[in-house]
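# Understanding the architecture of this molecule
Take a look at the letters that make up each chain.
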Amino acid sequence: MEDQEIRDSLKAFTNFMSPVTEEEFNEYANLFRVVKIKKWDHLYREGEPIKNLYFLHSGALRCYYMNDGEEHTSNFFFNPYMLADLDSIRDSSPGLSNAQAMKDSVCFEADFFEVEKLAFKYPNLLKGFFLVYEASLRASIKRQVSFIYDTPKQRYLNLFTEHPNIIAEIPQHHIASYLGIKPETLSRIRKKIF
């Protein structure tokens, strides 16, 4: 996979969020380097200090937390997507989350503070980051509200409707964890639907 293909993907994503000039994009893209993650390997792990912003070019990632030896899936990310462990970055503390590749994946990574510094130089880039943060916050709120109002069956149907590729590509026990149910409960729900 050529770096140019990844740059083009980053450019399309950036311009979708907020159009930037060629000069702005080139400075921005030059901050990134390619990271390849094999299926089941981790982009980052709990306990590591996180300082990078990641652009998922291809593949799929799962974010999860460990509690009493049990994994709790909090999110799935599919390309194109921008992610970072903001708590670890802002607090300069070890991260609490894990990001694992669900299939071979390719990311661009850049030092978060270098990107932030450049964003303050270019208002269009800053606007794009604001929109990325807003989308992430809205998705988080939507997930929280779903756990209050929706049944596990409805959460599953919502996930299937919004991301049908998750169902095909992600092991069922990870989907169950994401939905906040046991794998056997997910099996019963799937039997009733299909």
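Okay, so let's go over this structure.

Criteria and cut-off values
- Residues numbered from 1 in each chain as written.
- Predicted model: local features only at pLDDT ≥ 70, side-chain atom pairs only at ≥ 80, totals over all residues.
- Heavy atoms only, no water.
- Helix = DSSP H or I, 4+ residues; strand = E, 2+ residues; numbered from the N terminus.
- Pairing = 2+ DSSP bridges.
- Contact = heavy atoms within 4.5 Å.
- Axes fitted to C-alpha atoms, helices over the stretch in contact; angles between N-to-C directions.
- Parallel < 35°, antiparallel > 145°, perpendicular 65-115°, else oblique.
- Nonpolar A, V, L, I, M, F, W, Y, C, P; charged D, E, K, R; others polar.
- Salt bridge = Lys/Arg side-chain N within 4 Å of Asp/Glu carboxyl O.

### Points about unusual backbone geometry
Cis geometry marks the peptide bond from N79 to P80, where omega comes out at -10°. Within the secondary structure, P80 sits in the loop between β4 (70-78) and β5 (81-83). With a phi angle near 55°, D68 is a residue other than glycine that sits in the positive phi range.

### Here's the deal with the pairing of β4
Look at any regular strand and the pattern is simple: side chains alternate between the two faces of the sheet. Of the strand pairs in this sheet, strand β3 (residues 52-67) and β4 are connected by eight bridges, and their pairing is antiparallel. Bridging across to β4, R62 finds its partner in F76. Between the antiparallel neighbours β3 and β4 lie two residues, among them D68 with a positive phi of about 55°.

### Description of the environment of F147
Within the element layout of this structure, F147 appears in helix α5 (residues 123-149). For the pair F147 and G59, spaced 88 residues apart in the sequence, the C-alpha separation amounts to 27 Å. Once you skip the residues sitting within four places of it in the chain, F147 turns out to touch R155, Y178, L179 and G180.

### Let's talk about the packing of helix α8 (residues 172-179) against helix α9 (residues 183-193)
Where α8 contacts α9, the axes come no closer than 8 Å and their chain directions differ by 95°. By the angle between their axes, α8 is roughly perpendicular relative to α9. Of the residues in α9, those in contact with Q172, H173, I175, A176 and L179 of α8 are P183, L186 and R190. Looking at the contact of α8 with α9 residue by residue, the classes come out as five nonpolar, two polar and one charged.

### Points about the pattern of salt bridges
Under the counting rule described, the total for this entry stands at eight salt bridges. Residue K142 is joined to E162 by a salt bridge in which the shortest nitrogen-to-oxygen separation is 2.8 Å. Note that K142 is positioned in helix α5 and E162 in helix α6 (residues 152-162), a separation of 20 residues in sequence.

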